[in-house]
Amino acid sequence: MRFFNLFRRRRSAGVARERLQILLSYERAARGQADLLALLREEIIAGITKHVKVERDHIHVRVERGQAVSTLEIDIAIPHPAGILAAGS
Amino acid sequence: MAKVLVVTSGKGGVGKTTTTAAIGAALARSGQKVAVVDFDVGLRNLDLVLGAERRVVFDLINVVQGVAKLSQALIRDKRLETLFLLPASQTRDKDALTDHGVASVIKEMRGRFDWVICDSPAGIERGAQLAMRFADAALIVTNPEVSSVRDSDRIIGLLDSKTEKAEKGQQIEKHILITRYDMQRASRGEMIGIDDVLDILSTPLLGIIPESEEVLRASNVGSPVTLNNPASAAARAYLDAARRLRGEAVPMTIPSDRKGLFDKLFGRRAA
């Protein structure tokens, strides 16, 4: 009984270390990504508003991180066809 | 020219203010001219830990806004004539601190002191970022416990991106200070090991401060632990850390208050 208690106790610091290592590797990656997302968002908005009249709030940029592939999702709500400016105008 | 040191952690309650007072007093004791600056606007406590709470007239925001001169706001310690406190404002809104204003106060202090030690508020918001903004070096106060290590990691990320040094492409000097270290619990495997903390944060160690009732006793009477009881384990650990900050090679030990066999037998108090 005492042996098992001892064994369990010894492991709690090890469990803490492992949990931290996994969590932090994820958070560090996400930190860099937050900057990348903000940059992408700004450049995409700039690119789109050059040609299409849209509200900034109606543009959503999202990155989904998967095991093998990640996806970049750009969701733009264009109010109605009149919102599209004629080229050159 | 002073070295500007920020004492930071992300997490609250890990010992930033205790550390600022203890390290500040330790450096001042060795003849260095030291200013400790409380950046915790609205929740100041460094004045209390230093026993100067009844001597505060002007504060950091008054100086930033030009209401008072730096020399009027600085409070000289009653025990150490080379130790000064620049208190935080207790009433004003923390938005009153501007990047530009803090820059000019720090610049003025650089010319007058050997060390300017900025006591950061908890968190990662504006106040914490302003406290670290103009620092040359950072002391990251960490408890050997998961949430504190995680927050330290966040703070390291900010130190490497949001400080003036980082923005200039330079490296801010970073040190980990482990506080509230309980040797008995560590030996039972209940505390994350020092090596694991350093490995996870990939930052060098400045010192290990053992959990000690002397820290509470010192703050009760308003005196830095390095002055109140310099022989205590926590004080010795802080004094060693301060020497390492000055570039001395001091062997890394964890001082202990536990009595040796001799003391146990004869009932003497440990030195």
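Fair warning: this is a prediction, and the values are worked out from it, not measured in the lab.

Undergrad: When you look at the overall build of chain A in this model, what are you seeing that I'm missing?
TA: When you go through chain A residue by residue, the secondary structure sums to one helix and two strands. For chain A, the α and β elements follow one another from N to C terminus as α-β-β. Here chain A holds 89 residues, and the buried ones make up 1% of them. A sequence separation of at least 24 residues applies to 41% of the contacts in chain A between residues at least 6 apart.

Undergrad: When you look at the sheet that holds strand β2 (residues 34–38) of chain B in this model, what are you seeing that I'm missing?
TA: The pairing of strands in a sheet happens through backbone hydrogen bonds and is either parallel or antiparallel. Residues and elements named next belong to chain B. Taken in spatial order, the eight strands make up an open sheet running β3-β4-β2-β5-β1-β6-β7-β8, and their pairing is mixed. Looking at strand neighbours, the two that pair on one side only are β3 (75–76) and β8 (205–210), the edges of this open sheet. Note: β2 against strand β4 (residues 83–86), four bridges, orientation parallel. Its bridge partner lying in β4, V37 is registered against L86.

Undergrad: Is there a simple way to think about the environment of P210 of chain B in this case?
TA: Residues and elements named next belong to chain B. Along the chain, P210 turns up in strand β8. Once the C-alpha coordinates of P210 and A235 are considered, the two residues, 25 residues apart in sequence, prove to be 9.4 Å apart. Beyond its immediate chain neighbours, meaning those up to four positions away, P210 contacts Y181, M183, A233, A234, A237, I254, P255 and S256.

About the thresholds
Residues numbered from 1 in each chain as written. Chains lettered and ligands numbered in written order. Predicted model: local features only at pLDDT ≥ 70, side-chain atom pairs only at ≥ 80, totals over all residues. Helix = DSSP H or I, 4+ residues; strand = E, 2+ residues; numbered from the N terminus. Buried ≥ 20, exposed ≤ 12 C-beta atoms within 10 Å, placed from the backbone. Contact = placed C-beta atoms within 7 Å. Pairing = 2+ DSSP bridges.

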